[in-house]
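Secondary and tertiary structure notes
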2 protein chains.
Amino acid sequence: MVDSWATSASRQALGIDLHIEPTGSGLRRGLTDALREAVRSGRLAPGTRLPSSRTLAVDLGIARNTVADSYADLVAEGWLTARQGSGTRVAERPVEAPRPPRAPARRTPGPLRHDLEPGSPDLASFPRAEWLKAARRALSAAPNDALGYGDPRGRPELRTALAGYLARARGVHADPDRIVICAGFVHALRLLGEVLHRRGVRDIAVESYGLDAHWDILTRTGLRTHPLPLDDLGTNTAELEACPGPPPPARHARTPTNPLTALSPPGPSHPSASPPAPSPAPSPSRLPAVGAALLTPAHQFPIGVPLHPDRRAAVVDWARRTDSLILEDDYDGEFRYDRQPVGALQGLDPDRVVYLGTASKSLAPGLRLGWMVLPESVVQEVADAKGPSDWSCGVLDQLTLAEFLHSGAYDRHLRSARLRYRRRRDQLVEALAERAPTVRATGIAAGLHAVLQLPPGTEQSVVRAAAWQSLGVTGLSTYRHPGAVLSVPRPDALVVGYGTPADHAWAGALDALCRVLP
Amino acid sequence: MVDSWATSASRQALGIDLHIEPTGSGLRRGLTDALREAVRSGRLAPGTRLPSSRTLAVDLGIARNTVADSYADLVAEGWLTARQGSGTRVAERPVEAPRPPRAPARRTPGPLRHDLEPGSPDLASFPRAEWLKAARRALSAAPNDALGYGDPRGRPELRTALAGYLARARGVHADPDRIVICAGFVHALRLLGEVLHRRGVRDIAVESYGLDAHWDILTRTGLRTHPLPLDDLGTNTAELEACPGPPPPARHARTPTNPLTALSPPGPSHPSASPPAPSPAPSPSRLPAVGAALLTPAHQFPIGVPLHPDRRAAVVDWARRTDSLILEDDYDGEFRYDRQPVGALQGLDPDRVVYLGTASKSLAPGLRLGWMVLPESVVQEVADAKGPSDWSCGVLDQLTLAEFLHSGAYDRHLRSARLRYRRRRDQLVEALAERAPTVRATGIAAGLHAVLQLPPGTEQSVVRAAAWQSLGVTGLSTYRHPGAVLSVPRPDALVVGYGTPADHAWAGALDALCRVLP
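So, how was this worked out
Throughout this document, residue positions are counted from 1 along each chain, in the order its sequence is written. Lettering of chains starts at A and numbering of ligands starts at 1, both following the order in which they are written. Whole-chain, interface and lining totals are the exception, using all residues; otherwise, since this is a predicted model, local features are given only for residues with pLDDT of at least 70 and side-chain atom pairs are given and counted only at 80 or more. Side-chain measures here rest on the full set of heavy atoms in the structure, leaving out hydrogens and waters. Elements are defined by DSSP. Helices are runs of H or I of four residues or more, strands are runs of E of two residues or more, and each kind is numbered from the N terminus. A 1.4 Å probe rolled over the protein chains alone gives each residue an accessible area, and that area as a share of the maximum for its type sets the label: buried under 20%, exposed over 50%, partly exposed in between. Only the protein chains shown count as cover for residues, with accessible areas throughout obtained via the Shrake-Rupley method and a probe of 1.4 Å. The contact definition used throughout considers only heavy atoms, calling two residues in contact when any of these lie within 4.5 Å. Helix axes are fitted to C-alpha atoms over the stretch in contact, other axes to C-alpha atoms as well, and angles between N-to-C directions run from 0 to 180 degrees. Each angle is binned into one of four classes, with values under 35 degrees roughly parallel, values over 145 roughly antiparallel, values of 65 to 115 roughly perpendicular, and all other values oblique. Crossings are assigned a handedness: left-handed for a near helix turned anticlockwise from the far helix by less than a right angle, right-handed for a clockwise turn. Under the grouping applied here, Gly and all other residues not named as nonpolar or charged are polar, the nonpolar ones being Ala, Val, Leu, Ile, Met, Phe, Trp, Tyr, Cys and Pro and the charged ones Asp, Glu, Lys and Arg. The criterion for strand pairing is that DSSP finds at least two bridges linking the strands in question. Only centres within 6.5 Å qualify two rings of Phe, Tyr or Trp (six-membered ring in Trp) as a pair; their planes then separate them into stacked at under 30 degrees, edge-to-face at over 60, and tilted for everything else. Look at NZ for Lys and CZ for Arg. If either is within 6 Å of the ring centre and within 35 degrees of the ring normal, a charge sits over the ring. Each residue carries a pLDDT value, the predictor's own confidence for that position, ranging from 0 to 100. Residue count minus one, scaled by 1.5 Å, sets the expected span of a helix.

On to the overall build of chain A. Scanning chain A from N- to C-terminus turns up 14 helices and 17 strands. Looking at chain A as a whole, 61% of its 518 residues are labelled buried. When the accessible surface of chain A is totalled, it reaches about 20000 Å², and 55% of it is carbon and sulfur.

A few words now on the environment of glycine 119 of chain B. Relative to the elements of secondary structure, glycine 119 of chain B occurs in the loop between strand S3 (114-115) and helix H4 (128-141). In this structure glycine 119 of chain B comes out as partly exposed when scored by relative accessible area, which is 28%. Sequence spacing of glycine 119 of chain B and arginine 49 of chain B is 70 residues, and the spatial spacing of their C-alpha atoms is 42 Å. Sequence-distant contacts of glycine 119 of chain B, that is, excluding residues within four places in its chain, are made with Tyr149 of chain A together with Lys361 of chain B.

So, on to the packing of helix H2 (residues 53-60) of chain A against helix H3 (residues 64-77) of chain A. All names here are of chain A. At their nearest, the axes of H2 and H3 sit 8 Å apart, and the two run at 125° to each other. It follows that H2 is oblique to H3 by the angle criterion. Classified by chirality, the crossing of H3 by H2 is right-handed. Counted together, Ser53, Arg54, Leu56 and Ala57 of H2 and Arg64, Val67, Ala68 and Tyr71 of H3 form the full contact between these two elements. Taken together, the residues of the contact of H2 with H3 sort by class into five nonpolar, one polar and two charged.

A separate point is the packing of helix H1 (residues 27-40) of chain B against helix H3 (residues 64-77) of chain B. All names here are of chain B. For the pair H1 and H3, the least separation of the axes is 9 Å and the interaxial angle reads 45°. The angle between the axes of H1 and H3 places the two elements in the oblique class. Between H1 and H3 lies a crossing whose hand is right-handed. Judged by residue contacts, Leu27, Arg28, Leu31, Thr32, Leu35 and Arg36 of H1 engage Thr66, Val67, Asp69, Ser70, Tyr71, Asp73, Leu74 and Glu77 from H3. Across the contact of H1 with H3, the residue classes tally to six nonpolar, three polar and five charged.

Right, let's talk about unusual backbone geometry for a bit. Residues and elements named next belong to chain A. Going from phenylalanine 301 to proline 302, the amide bond is cis rather than trans, its omega being 0°. The topology assignment puts proline 302 in the loop between strand S9 (292-295) and helix H9 (309-322). In this structure, arginine 368 takes a positive phi of about 50° despite not being glycine. Summarising the element assignment, arginine 368 is placed in the loop between strand S11 (353-358) and strand S12 (370-373). Residue classification places arginine 368 among the buried residues on the basis of a relative accessible area of 3%. In this structure, serine 470 is a non-glycine residue whose phi angle is positive, near 60°. The residue serine 470 is located in the loop between helix H13 (459-468) and strand S15 (471-472) in this model. With a relative accessible area of 19%, serine 470 lands in the buried category.

Looking at chain direction, strand S1 (residues 80-83) of chain B and strand S2 (residues 87-90) of chain B are connected through four bridges and run antiparallel. From the neighbouring strand, leucine 80 of chain B faces S2 of chain B, where its bridge partner is valine 90 of chain B.

We now examine the packing of aromatic side chains. Summed over the entire model, instances satisfying the criterion amount to twelve aromatic pairs over all chains. Where tyrosine 165 of chain A meets tyrosine 410 of chain A, the ring centres are 5.1 Å apart and the plane angle is 90°; that geometry is what we call edge-to-face. A residue pair is termed long-range when its members are at least 10 positions apart, and tyrosine 165 of chain A in helix H5 (residues 156-170) and tyrosine 410 of chain A in helix H12 (residues 409-435) qualify at 245 residues. With a relative accessible area of 3%, tyrosine 165 of chain A lands in the buried category. Aromatic side chains phenylalanine 126 of chain B and tryptophan 131 of chain B sit 5.8 Å apart centroid to centroid with 55° between the ring planes, which places their arrangement in the tilted category. A relative accessible area of 5% places phenylalanine 126 of chain B in the buried class. By way of ring pairs, the aromatic residues Phe126, Trp131 and Phe404 of chain A are connected into one cluster. Above the face of the tyrosine 421 of chain A ring, arginine 420 of chain A is positioned so that its terminal group lies 5.6 Å from the ring centre.

With that settled, consider the confidence of the model for chain A. All names here are of chain A. For chain A, the average pLDDT comes to 83, and 83% of its residues sit at 70 or higher. Here residues 94-109 scores under 50 on pLDDT; set against residues more than four positions off or in separate chains, the count is 27 contacts. Here residues 245-285 scores under 50 on pLDDT; set against residues more than four positions off or in separate chains, the count is 64 contacts. As a predicted assembly, this complex carries a pTM of 0.82 together with an ipTM value of 0.82.

To continue, consider helix H6 (residues 185-198) of chain B. Here H6 of chain B contains 14 residues, and its C-alpha end-to-end distance of 20 Å stays within 8% of the 20 Å for a straight helix at 1.5 Å per residue. Every buried residue of H6 of chain B is listed here: Phe185, Val186, His187, Ala188, Leu189, Arg190, Leu191, Leu192, Gly193, Glu194, Val195 and Leu196 of chain B.

Each strand in a sheet pairs with another by means of backbone hydrogen bonds, the pair being arranged parallel or else antiparallel. All names here are of chain A. Read across the open sheet, the seven strands follow the order S4-S12-S11-S10-S9-S5-S6; overall the sheet is mixed. Looking at which strands have only one partner, the edges of the open sheet turn out to be strand S4 (179-182) and strand S6 (224-228). For this sheet the average axis-to-axis angle between neighbouring strands, irrespective of direction, equals 20°. Relative to S12, S4 is paired through four bridges, and the arrangement is antiparallel.

Structure representation (structure tokens):
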């Protein structure tokens, strides 16, 4: 008998673990029964490799022959198989196979033949070899304590690399100390929603078109979402400007079509501000005093226009005047094909704008990496919401992305992806001109998707025709906020993600698209 | 003038991005001013590499000479440097250096000379080369769509590999469909707290000793934590058994010392159960009708004893009778040094016990990978809490861990780590016997930490002496719940994490420890 099951020689380290508790009388009998039961009940799946008899004997503190005999019994009974070189395994039997995983709760891609759903880049072009090279360099260089619990804001290597990159490429006023790494945009939104709620904010302005998943997250954190009107220039921020607050809006003489009577401006100075009283006749074009606004200034999702320059200035003005925060969702700011790059709104006022970026469009959603550049007054609050819950992201991917940025591989990947996506966009526009001349593509100066304007009243029928062809596209109405305020005719349109298909699938997807268009 | 800044030849893909908006009159002057301002304001940090004049010219749609002249002006002014082979960079200047990152909000390791804080494995022994090998194999084999948004429960490859491993090594009744991957234990606890709260549970039993971070998370999700008493057998579950519910507790004749008058048992059948009325004279030894219990059955943290076999059965009985859930925190179940492995409580009733495991002790906390094995009735609720917020973990680490498990590298790593930690534990016990014979080490049958029993009243002075020596250890009282119920004398003890130091630092840490002991 060995004193303890781990006292074995270091070559024991080559074994594998098996939890088994021999039962009943007699060691051999007890072990055999326990093993048989583990196989019969399905706990040990067919094909599972068992430890060698020597290893298990040491682990259980019994004689090796006892284990070998027990294995032999079960091989004879057909529960196990023993083959030279592959050891002892649980026999394959016609047992109930594990059920296939259920489809995810929300996004069910289904067996689409042609996937033009917006929201995903071309996953086939993920730079696997470059990424692995960066991972090797990053992990080799990492100090041991990088593998520990660490800073809830994320690894300093990545925050420093991002600060440099965002300042250079997106005009963001960045400082590694004010960057927090998170698991993608929705994680950031959840944290910011919690922070806003704790500050007493109960209402947030959003755009009339966007992703319901984002509004849901804000709602879960206790905020009400109020859409800003959409007009022919894009999102109209006039209603924000009309929010009361000292001094009255003077710089921008734009007359709001709906002068608002809102209540006290919420913000840090009113941490326990009572929720705004219901207005006597709530109308969808009226905003309560919101304490924050979520915008996609570089490339409105999904409409595709940038926020008008006058409105950029005006919304920052509003935030200063009312002590509010702007959440800038820069989801695809890296992909602009026109000559005039749209810099980040955050550069106008880093103390009022939270810049939100993600690797989901530039690299792959599966990385689950995003970043926030925060006003100094917000950093600690976000870290406090995140830290105790310890939802930092895996450090290995963080270190790898830092190396990827540092070595220039990120820039190279982006520039090559940009050329490829631009080619697709041009092919889309050409194909439409030739095969569906009544359909106009808009919002194509940037990003990975286009909005195809359809003849009025045809959106639903086109979406149905596409579904019939197993072509994944989305009707624009899917993205309309329930309280959307439109000062333009309600548009009928398709949102087409031309970044999604792999290169070899693109031509077929484009052809299928043209066939379902009027 | 070029039509669009992305129309360039594919070699343009080798450039880097720079966001710059020329201002004022004259192209050269405007560009120079904008670049100078970007450097002066600190947006472009010293050392930042600028795009080649050719790349920037194409990007801005202006003549290459204009950019080259502008660069030359700024080099002459000292804002930029140009060196053959390293391109044009922002000059190093005596500017305000970016502040060093602030210390993380909660865990401040500080400059310890000897780190024996519990909670972390030896990070120096993280199997970097093996992990990179697995990462290469995993990423090479992954289908493209693995890089997409995916299932909120995590990658099927990892769930399948874990199901096999946990069944074999920990006696868990596992099924890939009932496993949810998360970002470590605290993330799991947060999700489960939300699910319990949504089910109407307001009270949860915890142990008298544990981590306040865990209690905090439960409190944040709206649950009240109630400690179970600690006696000389460990956590006493008798108070749970005494909770009312049909049928009355018969199987275990244990007479509770404090018969309880609790309210209706919460659970799925009482989704909106009103919170229990305050008992007339609340006493710390009385529990309200809790709907869940958080336990560390294999190795109580930090006391170190396993849950007594009778109590294991009793607590499962209680959960069945009252339709409650047990959360089994199996944080270091892989590290047992005695002959009798303690299997997972979950094996006793997979429909009542949530099994919670983590890679933080077996590999490294920085991976941020944990897993839950859930009762079938809870899977969808957890996925719903997690999915819309999309806090999945990075798929690359998930795929790598799956490969690590599949190839046997995980078993090999664990077995070799186990031998190493066991050697340290033995050295600790020997050193104590020799140099501090009044101090007894307990809880050492398993895990990565030991509890050193001190003479009554000496805990604080020993902790202070350790701090003086820059030796990180923790007094046991740090882990006591504010409402702890002890039927034993309040123990004075140190909690010593012998897994934490690197191999080369271990002997010094052990020596420093012996020097501060009485």
